[in-house]
Amino acid sequence: MRCNACGELIKADAFEAVKEWGYFSEKDLEIHRFNLCEKCYDKITSSFEIPVEINIKKEVMGTQ
Ligand SMILES: [Zn+2]
């Protein structure tokens, strides 16, 4: 898998986005997919007007 922004091979974890555009867009029924390495993800999301919502995943403990 390669990062769509910088083209580098992604060895670690990466951001993956898939969007199926609907009838009311100009991309009617197109499916768009791209990956971003962590560096590019940070660069792009840091330019957001509203920051990314971050939640910490809780470890699921055993039931017993
Ligand atoms: Zn990248």
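Heads up: these notes are all about the structure in this document.

Rules used throughout
- Residues numbered from 1 in each chain as written.
- Predicted model: local features only at pLDDT ≥ 70, side-chain atom pairs only at ≥ 80, totals over all residues.
- Heavy atoms only, no water.
- Buried < 20%, exposed > 50% of the residue type's maximum accessible area, 1.4 Å probe, protein only.
- Helix = DSSP H or I, 4+ residues; strand = E, 2+ residues; numbered from the N terminus.
- Contact = heavy atoms within 4.5 Å.
- Phe/Tyr/Trp six-rings, centres within 6.5 Å; stacked < 30°, edge-to-face > 60°.
- Lys NZ or Arg CZ within 6 Å of the ring centre and 35° of its normal.
- Core = buried A, V, L, I, M, F, W, Y, C linked by side-chain atoms within 4.5 Å.
- Donors = N, O, S within 2.8 Å, 3.2 Å for Na, K, Ca; no water.
- Tetrahedral: all angles 85-135°; square planar, octahedral: opposite > 155°, others 65-115°.

The next point concerns unusual backbone geometry. A positive phi is found at Leu29, a non-glycine position, where the angle reads about 70°. Assessed through its relative accessible area of 56%, Leu29 is described here as exposed.

When you line up the elements, Asn35 lands in strand β2 (residues 31-36). Taking the relative accessible area as the measure of exposure, Asn35 reaches 13% and is therefore buried. Residue contacts for Asn35: discarding those within four places in its chain leaves Met1, Arg2, Cys3, Asn4, Ala5, Ile10, Phe15 and Glu16.

This next bit is on the packing of aromatic side chains. In total, this model carries two aromatic pairs according to the counting rule given. Measuring from ring centre to ring centre gives 5.1 Å for Phe15 and Tyr41, while their planes differ by 35°; the resulting arrangement is tilted. One end of the pair, Phe15, is in strand β1 (residues 15-20); the other, Tyr41, is in helix α1 (residues 38-45), with 26 residues separating them in the sequence. Following the ring pairs from residue to residue traces out a cluster consisting of Phe15, Phe34 and Tyr41. If you follow Lys19 out to its NZ or CZ, it ends over the ring of Trp21, 5.4 Å from the centre.

This part is about the nonpolar core. The biggest cluster of nonpolar side chains holds six residues, and these are Cys3, Ile10, Ala14, Leu36, Cys37 and Cys40. Those residues in contact with Ile10, other than ones at most four positions away along the chain, are Met1, Arg2, Cys3, Asn35, Leu36 and Cys37.

This paragraph deals with the coordination of the zinc ion. Distances from the zinc ion to its protein donors, Cys3 (SG), Cys6 (SG), Cys37 (SG) and Cys40 (SG), fall within 2.3 to 2.4 Å. Of note is the zinc ion, whose four donor atoms meet at the metal with angles of 104 to 116° in an arrangement that counts as tetrahedral. Positions of the donor residues of the zinc ion along the chain correspond to the pattern C-x2-C-x30-C-x2-C. For Cys3, a relative accessible area of 2% translates into the label buried. Take Cys6: its relative accessible area is 34%, and that puts it in the partly exposed class.

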